[in-house]
Amino acid sequence: MKKIIIFLTLIFTSVFSLKNDYQAFANNKEDGFSISLPTYEHKTYKNVILFIGDGMGVNTVEATRIYNGGDLAMTDYLDFELLAYSRTDSITSTGFAYDESKNLIDPGVNEELYDGTPSPYGSDSLGTSGNITLYTDSAAGGTALATGQLTTNSRLAMDQFGNPITSILEQASGLGKKTGVLTSDTIDGATPAAFLSHVGARHDKSGILQSIATSPADLIIGQEPSEMKNNRSTYTSLYESKGFDVTFKADDLDINSSRIFSAIPGILPQGIFTPTLEDLTIFSLDYLDNDEGFFLMVEGANIDKQAHANQSILVIEETLGFDHAINAARHWVGDRKDTLIVITADHETGALSFLQDPSTLTKETVIENMKWLSTNHSRSLVRVDVSGDVREYLQKYEDELNYIYDKYYFDHILVNRMLRYYLS
Ligand SMILES: [Zn+2]
């Protein structure tokens, strides 16, 4: 019994000292004077897991946390050390400026601009709709997270001129790591496609499936694209020619496959039907784990879809399902110090606000106090939660990282750069 008490004390001591160190950086930045901080050695993580909640803004997470009784895997475990807020603009986001003076629980939008009518979010099929778009789409948001470069809406791992940009998945593969993408969306959805393909327009579905065949990814799991349903034998042959085991049922997933391309119908957030995103996250981690390490991106895609429809309870269910997948990864990692987990979103959807101070809300009252100001994407902030020690990165790029209201401010470029920094 005594041993256990000592062990727990040590854990808590080390966690709190790490938190104090982040606070020391923070105070240093906020007060504008220099304090001497230790210099951290460059450490790398063998494995990096990136979770992207599509459309999951700060308030999406807050509503889900309240509904869940006050805690979530992605926000509240002690080993999730760093929380930052992140901007999500693409090159073509031309909306009003974000107001930094607003409270961070506020979605950061001007309510007068959100009258509930569809906003001019969107893009043409060439992805060149520069100045008619107020907010990022999932293609440009996914591209920025995948490549570290901003681009115009609709581009998938391509810059605004149509030049391909190397993704972190490709970089990880080049380092000899195994790589994978798991999504609850169709495999040709904008977020997975930003990591797996290089295509000028997100609506070019056959182009995306052709391009994915050239990806170095070892594992690709999501729902089956319509384009593939219509030409299943053609695409099955294409992927099999690249060494993939192509499967259409979760039961057929084989951990001994040399490469996996699995198009599974109906990946649900949670519940009695399988597979859930959580089940597939555990399978993916078991499959990718190897001596050289891995990079895995997991997307919770349907948070965005339900937020477009302003379906509060369904948004919360999707976010909870995504959180269960994060919790599973956290337990899978356990005490290992070789795995970095980063959780963020490509953009917020719905400009979710609260009718009352959310700190006064409960599981019983939160749903009726959720107020959607838009049926589209917004420029509201998203969270960046990190499980792992990233003090070295914060120190190295101290001058570029803004620190306001007790939080670091990132954008997708800084998130990508942090991932790359720790992979190599
Ligand atoms: Zn999105």
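Up top is the structure these notes are about.
In short, a report on the structure. Quick caveat, the model's predicted, so the values are computed rather than measured.

1. Comments concerning the overall build of the chain
Okay, so step 1: For the chain, the count of helices and strands is 14 helices and 15 strands.
Okay, so step 2: Going through the 424 residues of the chain one by one, you find that 57% of them count as buried.
Okay, so step 3: A separation of at least 24 residues holds for 74% of the contacts in the chain among residues at least 6 apart in sequence.
Okay, so step 4: Accessible surface for the chain amounts to roughly 17000 Å². Of this, 50% is attributable to carbon and sulfur atoms.

2. Thoughts on the coordination of the zinc ion
Okay, so step 1: The coordination sphere of the zinc ion contains the protein donors Asp54 (OD), Ser138 (OG), Asp346 (OD) and His347 (NE2), at a distance range of 1.8 to 2.2 Å.
Okay, so step 2: Coordination at the zinc ion comes from 4 donor atoms whose angles at the metal span 99 to 128°, giving a geometry best classed as tetrahedral.
Okay, so step 3: All donor residues of the zinc ion come from one chain, and their arrangement in sequence is D-x83-S-x207-D-H. In this pair, Asp54 is assigned in the loop between β1 (47-53) and α2 (58-67) and Ser138 in helix α4 (residues 138-147), connecting sequence segments 84 residues apart.
Okay, so step 4: Given the relative accessible area of 5%, Ser138 is considered buried.

3. So, the packing of aromatic side chains
Geometry of an aromatic ring pair is reported as the spacing of the ring centres plus the angle between the planes.
Okay, so step 1: Taken as a whole and judged by the stated rule, the model has 14 aromatic pairs.
Okay, so step 2: Here the aromatic rings of Tyr239 and Phe244 are separated by 5.9 Å at their centres, their planes lie at 80°, and the arrangement is edge-to-face. Each member of the pair, Tyr239 together with Phe244, is buried.
Okay, so step 3: Ring geometry for Tyr393 and Phe410: centres 6.5 Å apart, planes at 35°, overall tilted. On the criterion of sequence distance, the pair formed by Tyr393 in helix α13 (residues 391-396) and Phe410 in strand β15 (residues 407-411) is long-range, its members being 17 residues apart. Taken individually, Tyr393 and Phe410 each receive the classification buried, so the pair is uniform in this respect.
Okay, so step 4: Ring-pair connections join several aromatic residues into one group, and the members of that group are Tyr45, Tyr393, Tyr397, Phe410, Tyr421 and Tyr422.
Okay, so step 5: Here the basic side chain of Arg259 rests over the ring of Phe244, its NZ or CZ set 3.9 Å away from the ring centre.
Okay, so step 6: Its guanidinium or amino end placed over the ring of Tyr67, Lys363 lies 4.0 Å from that ring's centre, counting from NZ or CZ.

4. As for a nonpolar patch on the surface
Okay, so step 1: Together, Ile91, Leu150 and Ile413 make up a nonpolar patch on the protein surface, roughly 200 Å² of accessible area in all.
Okay, so step 2: Along the polypeptide, Leu150 turns up in the loop between α4 and α5 (168-174).
Okay, so step 3: Residue Leu150 is classed as partly exposed on the basis of its relative accessible area of 32%.

5. Some remarks on the packing of α4 against helix α14 (residues 412-423)
Helix-helix packing: each pair is described by the crossing angle between the helix axes and the interaxial distance.
Okay, so step 1: Between α4 and α14, whose axes approach to 7 Å, the crossing angle comes to 30°. Contacts between α4 and α14 pair Gly141, Ala144, Leu145, Ala146 and Thr147 from the former with His412, Val415, Asn416 and Arg420 from the latter.
Okay, so step 2: Classifying every residue of the contact of α4 with α14 gives 4 nonpolar, 4 polar and 1 charged.

6. Topic: the pairing of β1
Okay, so step 1: The element β1 is largely enclosed, with a buried count of 7 among its 7 residues.
Okay, so step 2: By the alternation rule, side chains of β1 split into Asn47, Ile49, Phe51 and Gly53 and Val48, Leu50 and Ile52, which are all buried.
Okay, so step 3: Relative to strand β8 (residues 339-344), β1 runs parallel, the two being bridged by 6 bridges. Across the sheet, residue Ile52 finds its bridge partner in β8, namely Thr344.

7. Some remarks on the pairing of strand β3 (residues 178-186)
Okay, so step 1: With 7 of its 9 residues buried, β3 lies for the most part within the structure.
Okay, so step 2: Where β3 meets strand β7 (residues 294-300), 6 bridges bridge the pair, whose relative direction is parallel. Paired with Gly180 across the two strands is Leu296, which belongs to β7.

8. Thoughts on unusual backbone geometry
Okay, so step 1: Positive phi, close to 50°, is recorded for Ala157, a residue that is not glycine.
Okay, so step 2: As for its position among the elements, Ala157 is in the loop between α4 and α5.
Okay, so step 3: Overall, Ala157 belongs to the buried group, its relative accessible area being 0%.
Okay, so step 4: Unlike most non-glycine residues, Asn310 shows phi in positive territory, near 55°.
Okay, so step 5: Counting through the fold element by element, Asn310 comes out in the loop between α11 (302-308) and α12 (312-333).

9. Looking at the nonpolar core
Okay, so step 1: Residues Phe195, Tyr239 and Phe410 are the most contacted members of the largest nonpolar core, which totals 56 residues.
Okay, so step 2: Considering every element that reaches this core, the biggest residue donor is α14, with 7 residues.
Okay, so step 3: Within the second largest apolar cluster, 46 residues are counted, among which are Val61, Ile260, Leu296 and Ala345.

Reading guide: rules and limits
- Here the residue index of a chain counts from 1 through its sequence in written order.
- Totals for whole chains, interfaces and linings use all residues, but because this is a predicted model, local features are given only for residues with pLDDT of at least 70 and pairs of side-chain atoms are given and counted only at 80 or more.
- Just so you know, side-chain values use all the structure's heavy atoms and leave hydrogens and water out.
- Strands are runs of DSSP state E lasting at least 2 residues, helices are runs of H or I lasting at least 4, and numbering of each runs from the N terminus.
- Note on exposure labels: buried denotes an accessible area under 20% of the residue type's maximum, exposed denotes more than 50%, and partly exposed covers the range between, all computed with a 1.4 Å probe on protein chains only.
- Contacts are residue-level and defined by heavy atoms, with any inter-residue pair within 4.5 Å sufficient.
- Surface accessibility follows the Shrake-Rupley procedure with a 1.4 Å probe radius. Residue values consider only the protein chains on display as shielding.
- Metal coordination here is assigned from N, O and S atoms located within 2.8 Å of the ion, or within 3.2 Å for Na, K and Ca; omission of water means that sites may look incomplete.
- Only two sets of limits are used to name each site, 85 to 135 degrees for every angle of a tetrahedral four-donor site, and over 155 degrees for opposite donors with all other angles from 65 to 115 for a square planar four-donor or octahedral six-donor site, with any other site named irregular.
- The pairing test for Phe, Tyr and Trp rings, Trp by its six-membered ring, is centres within 6.5 Å, and the orientation test on the planes gives stacked under 30 degrees, edge-to-face over 60, and tilted for anything in between.
- Note on criteria: charge over ring means Lys NZ or Arg CZ within 6 Å of the ring centre, with the direction from the centre no more than 35 degrees off the ring normal.
- Patch rule: a residue counts if its relative accessible area is over 30% and it has no salt bridge; like charges are joined within 9 Å, and nonpolar side chains (Val, Leu, Ile, Met, Phe, Trp, Tyr) within 5 Å.
- When a carboxyl oxygen of Asp or Glu lies within 4 Å of a side-chain nitrogen of Lys or Arg, that pair is called a salt bridge.
- Only the stretch in contact is used when fitting a helix axis, every axis being a line fitted to C-alpha atoms; angles between N-to-C directions are given from 0 to 180 degrees.
- Each residue gets one of three labels, nonpolar for Ala, Val, Leu, Ile, Met, Phe, Trp, Tyr, Cys and Pro, charged for Asp, Glu, Lys and Arg, and polar for the others, Gly among them.
- By definition, two strands form a pair when at least two bridges between them are found by DSSP.
- Side-chain atoms within 4.5 Å link the members of a nonpolar core, which is a set of buried Ala, Val, Leu, Ile, Met, Phe, Trp, Tyr and Cys residues.

Keep in mind that these numbers describe shape and distance, not what the molecule does.
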